[in-house]
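If you want the building blocks of each chain, they are given just below.
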Amino acid sequence: MDITTEAFILKSYDLKETDKIITLYTGDLGKIQAVVKGIRKAKSKLAAALEPFNHIDLTLYRKSQNKLFTITQAKINQSLYKVKEDFSRIVYGDYLLELVDKLTGVEEKNIELFNLLKSFLFLMEYKNAEVVLWCFKVRFLKLIGYQMCLDVCALCGKEVRPFKKGDDWKIGFSPKEGGILCYKCRDICSYKKDISPGAIKVFKKLLEINLEKIDCLKFSNKMREEVGHSLQYFLAYHLSGELKTQQFIGKVDRYKMCSRGVWG
Ligand SMILES: [Zn+2]
């Protein structure tokens with residue numbers, strides 16, 4: 001029986017001859033893998049639609065006992081052409097797709113997650129792509145059960161007060177315990193770092209802000225670096241390692257710092 005659903009491509013690789021295996025996140029089935037026959041032939045009608053950064057309508061079927069779906073039709077609903085034309089947007093967008101691929105199971109339908117992915121890929125078109133990615137990270141983590149505890153100590157539940165470290169105020173932060181730590185718990189926790197109260201405020205804002213106003217968030221270069229690194233630190237614990245696209249993010253960051261001096 002044919003199934004129709006909306007979808008985004010997460011990744012793909014070439015198979016024998018002219019076929020491809022594609023991993024997609026769909027509205028109706030969650031993450032799936034599908035084979036597309038003949039897609040690498042010059043006259044393939046599916047090739048243009050089945051590209052990353054297209055919001056597509058799919059028709060597919062699966063024979064019983066088969067792990068892979070077969071895609072028979074794909075129509076572009078909307079091409080995110082502003083992402084496709086901008087190197088830094090491609091890099092941040094690729095990271096977002098890789099993150100969803102890494103942290104989701106096959107055929108676990110989650111319409112909330114599909115809607116999150118859809119709204120953030122559309123935001124990548126015209127908002128600050130780096131902040132869009134940060135915001136996606138904290139909301140995606142919350143949705144899949146790794147919400148950061150940012151109001152009280154993640155370990156004992158008591159109030160957390162900043163402590164003085166050198167000239168700065170800091171708060172303990174642990175991905176292992178799932179959020180901020182009071183001074184006492186910080187001492188006994190093995191996987192932690194100290195971050196500024198300002199960075200915690202940014203995490204809270206990223207969780208709450210109306211997405212249309214995301215470009216109103218402004219940061220100093222120092223805060224931008226701290227928020228980026230701390231989010232990555234939190235995520236790396238759950239990913240058990242870095243994503244392939246992480247090194248490209250580093251390159252884009254360095255390029256921005258060199259070319260602009262001040263980030264805006
Ligand atoms: Zn505590």
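Thresholds, definitions, all that
Residues numbered from 1 in each chain as written. Predicted model: local features only at pLDDT ≥ 70, side-chain atom pairs only at ≥ 80, totals over all residues. Heavy atoms only, no water. Domains from an automatic or database assignment. Contact = heavy atoms within 4.5 Å. Buried area = accessible area lost by both parts, 1.4 Å probe. Salt bridge = Lys/Arg side-chain N within 4 Å of Asp/Glu carboxyl O. Polar contact = N/O pair within 3.5 Å; in protein donor to acceptor, adjacent residues only side chain to side chain. Helix = DSSP H or I, 4+ residues; strand = E, 2+ residues; numbered from the N terminus. pLDDT = per-residue confidence, 0-100. Donors = N, O, S within 2.8 Å, 3.2 Å for Na, K, Ca; no water. Tetrahedral: all angles 85-135°; square planar, octahedral: opposite > 155°, others 65-115°. Buried < 20%, exposed > 50% of the residue type's maximum accessible area, 1.4 Å probe, protein only. Pairing = 2+ DSSP bridges. 1 Å grid on protein atoms, 1.4 Å probe; cavity = no way out; pocket = protein on both sides within 12 Å on 5 of 7 lines; lining within 4 Å. Points joined across faces, edges and corners; volume = space filled by probe spheres on them. Nonpolar A, V, L, I, M, F, W, Y, C, P; charged D, E, K, R; others polar. Axes fitted to C-alpha atoms, helices over the stretch in contact; angles between N-to-C directions.

Student: Run through the domain arrangement of the chain, naming residues and quoting values.
Tutor: Buried accessible area, meaning the area lost when the parts come together, often serves as the stated size of an interface. We note that the domain assignment places domain 1 (3-79) and domain 2 (82-147 + 195-260) within the chain. Between domain 1 and domain 2, the C-alpha centre-to-centre distance is 25 Å. Taken together, the 25 residues of domain 1 in the interface contact 23 residues of domain 2. Interface area, domain 1 with domain 2, both sides summed: about 2,000 Å², of which 62% is carbon and sulfur. There are five salt bridges connecting domain 1 and domain 2. Glu-6 is paired through a salt bridge with Lys-118; the nearest N and O atoms lie 3.1 Å apart. Between domain 1 and domain 2 we count eight residue pairs in polar contact (both at pLDDT 80 or more) in total. If you list the elements that add at least two residues to the side of domain 1 that touches domain 2, you get strand E1 (3-14), strand E2 (20-26), strand E3 (30-36), strand E4 (54-61) and strand E5 (69-79). With six residues, E1 is the single largest residue contributor to the side of domain 1 that touches domain 2.

Student: So what about the confidence of the model for the chain? Which residues, and what values?
Tutor: Averaged over all residues, the pLDDT of the chain equals 90, while 93% of them reach at least 70. Note that pLDDT drops below 50 for residues 260-264; the model gives that stretch eleven contacts with residues more than four away or on any other chain.

Student: Please set out the coordination of the zinc ion residue by residue, giving values where relevant.
Tutor: Around the zinc ion, the donor atoms from the protein are Cys-153 (SG), Cys-156 (SG), Cys-182 (SG) and Cys-185 (SG), and they sit 2.3 Å away. Viewed at the metal, the four donor atoms of the zinc ion are separated by angles of 102 to 116°, and the geometry they form is tetrahedral. Each donor residue of the zinc ion belongs to the same chain, and together they define the spacing C-x2-C-x25-C-x2-C. Here Cys-182 matches Cys-185 in class, with each residue buried.

Student: Requested: an account of the pairing of E4, with residues and values cited.
Tutor: Of all eight residues that make up E4, six are buried, and the element is covered over most of its length. Bridging between E1 and E4 involves five bridges; their strand directions are antiparallel. Bridged to Thr-5 within E4 is Leu-58.

Student: Can you tell me about empty space enclosed by the protein, naming the residues and giving the values?
Tutor: Scanning the entire structure with this criterion turns up one cavity of 30 Å³ or more. Considered as a void within the structure, the largest cavity measures approximately 30 Å³ in volume. Around the largest cavity, the lining residues are Val-138, Leu-141, Lys-142, Tyr-146, Gln-147, Met-148, Leu-150 and Leu-207. Here the element with the most residues in the lining of the largest cavity is helix H4 (residues 129-143); it accounts for three residues. Within the lining of the largest cavity, the residues separate by chemical class into six nonpolar, one polar and one charged.

Student: Tell me about the sheet that holds E2, and please be specific about residues and values.
Tutor: Read once around its circumference, the closed barrel built from five strands follows the order E1-E2-E3-E5-E4, with strand pairing classed as mixed. Neighbour-to-neighbour, the strand axes of this sheet turn through a mean angle of 50°, independent of strand direction. Inspection of the sheet shows E1 paired to E2 by seven bridges, in the antiparallel sense. Within E2, the position partnered with Ile-9 by the bridge is Leu-24. On the sheet, helix H3 (residues 111-126) packs against E1, E2, E4 and E5 and is oriented at approximately 65° with respect to E1.

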